[in-house]
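Understanding the architecture of this molecule
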Amino acid sequence: MKEQLEKLIELQKIDLEQEALRVRVDERRDKVNADTENLQELAQMLDDHTKALENTKTILGTKREELERAERELEHSKEKLNAVTNSRDYAALEREGENFRKIITAVEADIESLQKELVTAEAKEKEMRTSYEALSVEIEAARREVDEASASIEDQVNELKAKADVIAKLIKPQILARYRFIRSKRAGAAVVSASGGTCTGCHMKLQPQAYIVLQRQNSLECCQNCQRIIYFDAEEAAELHNHPAK
Ligand SMILES: [Zn+2]
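Here is a short report on the structure shown in this document. For clarity, every value in this text was computed on a predicted model and none was experimentally measured. (Residues numbered from 1 in each chain as written. Predicted model: local features only at pLDDT ≥ 70, side-chain atom pairs only at ≥ 80, totals over all residues. Heavy atoms only, no water.)

Some thoughts on the overall build of the chain
Stated precisely, the cut-off is as follows: Put simply, DSSP H or I for four residues or longer makes a helix, DSSP E for two residues or longer makes a strand, and each gets a number counted from the N terminus. Radius of gyration: over C-alpha atoms. The globule rule applied is 2.2 Å multiplied by the number of residues raised to the 0.38 power. Each residue's exposure class comes from its accessible area (1.4 Å probe, protein chains only) as a fraction of the maximum for that residue type: buried when under 20%, exposed when over 50%, partly exposed otherwise. Residue contacts are counted whenever heavy atoms from the two residues lie within 4.5 Å of one another. Each accessible area is a Shrake-Rupley result for a 1.4 Å probe, and residues are judged covered by the shown protein chains and nothing else. In summary, the charge assignment counts Lys and Arg as positive and Asp and Glu as negative, without counting His or the chain termini. To locate a charge, take atom NZ for lysine, CZ for arginine, CG for aspartate or CD for glutamate.
A tally of regular secondary structure across the chain gives five helices and three strands. For the chain, whose C-alpha radius of gyration is 40 Å, the value lies well above the compact-globule estimate of 18 Å for 246 residues. In the chain, buried positions account for 30% of the 246 residues. Nonlocal contacts in the chain, meaning residues at least 24 apart in sequence, comprise 74% of its contacts between residues at least 6 apart. Summed over its atoms, the accessible surface of the chain is roughly 16,400 Å², and 51% of this surface lies on carbon and sulfur atoms. Averaging the positions of the 39 positive and the 48 negative side-chain charges in the chain gives two centres separated by 7 Å.

Examining the coordination of the zinc ion
As a reminder of what qualifies: In this description, a donor is an N, O or S atom within 2.8 Å of the metal centre, a cutoff extended to 3.2 Å for sodium, potassium and calcium. Water is not part of the atom list, which can make sites seem incomplete.
The protein atoms that coordinate the zinc ion are Cys199 (SG), Cys202 (SG), Cys223 (SG) and Cys226 (SG), at distances spanning 2.2 to 2.3 Å. When the donors of the zinc ion are listed by position in the chain, the intervening gaps give C-x2-C-x20-C-x2-C. Taken together, the residues span a long stretch of sequence, with Cys202 in the loop between β1 (191-193) and α4 (208-216) and Cys226 in the loop between β2 (221-222) and β3 (229-231) at a distance of 24 residues. By relative accessible area, Cys202 is classed as partly exposed at 22%.

Focus: the environment of Thr200
Spelled out, the test is: Any N or O atom pair separated by 3.5 Å or less is treated as a polar contact, with the protein-specific requirement of one donor-capable and one acceptor-capable atom, and with residues adjacent in sequence counted only for side-chain atom pairs.
With respect to the secondary-structure elements, Thr200 resides in the loop between β1 and α4. Sequence-wise, Thr200 and Ala238 are 38 residues apart; in three dimensions their C-alpha atoms are separated by 16 Å. Every residue in contact with Thr200, bar those within four places of it in the chain, is listed here: Val192 and Ser193. A distance of 2.7 Å separates a polar atom in the side chain of Thr200 from the backbone oxygen of Ser193.

Here you go:
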């Protein structure tokens, strides 16, 4: 049984190694995917901003037309004023001219503030576009790296699988089945040390009788609490005895 357990521990080491390789790549891929979502949000914001900017430009265009019209009308009014002969018409045209001047002043103020708005909005758009492009390049590179890492671990994983297959053949089918069953139910290790009298899988103390049985190493023992396969290592037990804090 001792030898069988040693093989099982060896197999588990390889299995966990494979798992770790995959987890690392998966974590990196998750990060790339999360970044891609952020990028899409940024693209949406940029799009909204560009639309608002276009809108400001349109308003500015309208205001400029309004200004030109008022200026033309003021010009026209002045011409009429020069040609006028009676004082009543003169006064009316003067009021009209005054009115156009007021409109011109107001529209000019609108144009000035819209132009300022536009300058700020254009600077912001440029900034947003720059960071969008930088992030986009960064993500693209990260995605390529993850794809490469994913391809390169395939070879390593296959190598580990081949090694695992060799060891698995040396383990009794019922022990192997038990191991695979626990692995499918629980994350991480399925075979754990209980050399100190405590299951290192779930940290529950073993019953004294169970611990005695375990130390005989004649049978396949499982933790009563978490069902993981437990083993006893005399060296480890001695170490734990001498350095209990460890
Ligand atoms: Zn346990």
